[in-house]
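Structural overview for review
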Amino acid sequence: MSMTHDVTAGATRNKLPKRKGRGESSGHGKTSGRGNKGSKARTGKYIKRGYEGGQTPIFKRFPKRGFSNENWERRFHIVNLRDLESNFEDGAIVDAAALIEKGLVPDDKQPVKILGEGKVSKKLTIIAGWYSKSAHERIAKAGGIAQNLKGEAFEFPKPKKIFVPREPIKKPKKIEAAAEDEAAAKPAAEAKPAAETKPAE
């Protein structure tokens, strides 16, 4: 025989919401649990993350160390060779407008960089801001042309020269020997002569 509490065990609780602002005797009247004044007592309050009541928040009190290049890094729209192979015909000119039309690039706010993932067998004339070395090699191998944004043949910049410190200049041995003899002679010349003894009368 099942009891009432067994029958209603799986039923959801119909709990009434807390009734605020229904007089002081209800326990939630007057300020309705919001305290006295201040931004949290107002309608439509919004407290931004990290706000500490006006004092300097903790993320500003922490010391800042290191340097990030994120704000100045070069950003590109990325396109792979396999995308060009499947979307363009042999002999086509591939530039930003053509890539936007095919849906490979969202806009022309950033230059395009061609990466070498996939294979390309078609002769394409590609105009882009930058190329990876593998992509550049595969485009040339397929008979295509890789150009920069000015329409000139793309070339990678020359590697920077590593600074090599110069070796100290060695003095000739004769000059060194003469300098040593001169240095040895100076103390002997600077030494004071012994006091002369007067002859006995």
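Provided above is the structure to which this section pertains.
Quick look at the structure, then.

About the criteria used
Residues numbered from 1 in each chain as written. Predicted model: local features only at pLDDT ≥ 70, side-chain atom pairs only at ≥ 80, totals over all residues. Heavy atoms only, no water. Helix = DSSP H or I, 4+ residues; strand = E, 2+ residues; numbered from the N terminus. Buried < 20%, exposed > 50% of the residue type's maximum accessible area, 1.4 Å probe, protein only. Polar contact = N/O pair within 3.5 Å; in protein donor to acceptor, adjacent residues only side chain to side chain. Contact = heavy atoms within 4.5 Å. Phe/Tyr/Trp six-rings, centres within 6.5 Å; stacked < 30°, edge-to-face > 60°. Lys NZ or Arg CZ within 6 Å of the ring centre and 35° of its normal. Pairing = 2+ DSSP bridges. Salt bridge = Lys/Arg side-chain N within 4 Å of Asp/Glu carboxyl O.

**Structural notes on the side chain of N80**
Tracing the backbone through its elements, the reader meets N80 in strand β1 (residues 77-80). Here N80 falls in the buried class, since its relative accessible area comes to 11%. Engagement of the side chain of N80 in a polar contact is seen with the backbone nitrogen of E117, the distance being 3.5 Å. Look past the residues within four positions of N80 in its chain and what remains in contact with it is L115, G116 and E117.

**Quick word on the packing of aromatic side chains**
In this structure the tally under the stated criterion is 5 aromatic pairs. Here the aromatic rings of W130 and F154 are separated by 5.1 Å at their centres, their planes lie at 85°, and the arrangement is edge-to-face. Residue W130 is located in strand β5 (residues 130-131), and its partner F154 is located in the loop between β6 (145-147) and α6 (173-190); the two are separated by 24 residues in the primary sequence. According to the relative accessible area criterion, W130 is partly exposed, its value standing at 23%. Between W130 and F156, the aromatic rings sit 6.2 Å apart at their centres with planes inclined by 85°, giving edge-to-face as the arrangement. Placement of the pair is W130 in strand β5 and F156 in the loop between β6 and α6, with a sequence separation of 26 residues. The exposure class of F156 is partly exposed, given its relative accessible area of 28%. Members of the aromatic cluster, joined through ring pairs, are W130, Y131, F154 and F156. One residue, R74, lies across the ring of W130, its end atom 5.3 Å from the ring centre. It is K102 that lies over the ring of F88; its NZ or CZ is 5.8 Å from the centre.

**Some points on the sheet that holds strand β2 (residues 93-94)**
With respect to topology, 3 strands assemble into an open sheet ordered β2-β4-β6, the strand pairing being parallel. If you trace the sheet from one side to the other, it starts and ends with β2 and β6, each paired once.

**A look at the pattern of salt bridges**
Evaluated as defined, the whole model comprises 3 salt bridges. Between R75 and E73 there is a salt bridge, with the nearest N and O atoms lying 3.6 Å from each other. Classification of E73 by relative accessible area gives partly exposed; the value is 41%. Here E117 ties to R82 by a salt bridge, and the two come within 2.8 Å at their closest N and O atoms. With E117 in the loop between β3 (112-115) and β4 (125-127) and R82 in helix α3 (residues 81-87), the pair connects residues that are 35 residues apart, well separated along the chain. Overall, the relative accessible area of 45% leaves R82 in the partly exposed class.

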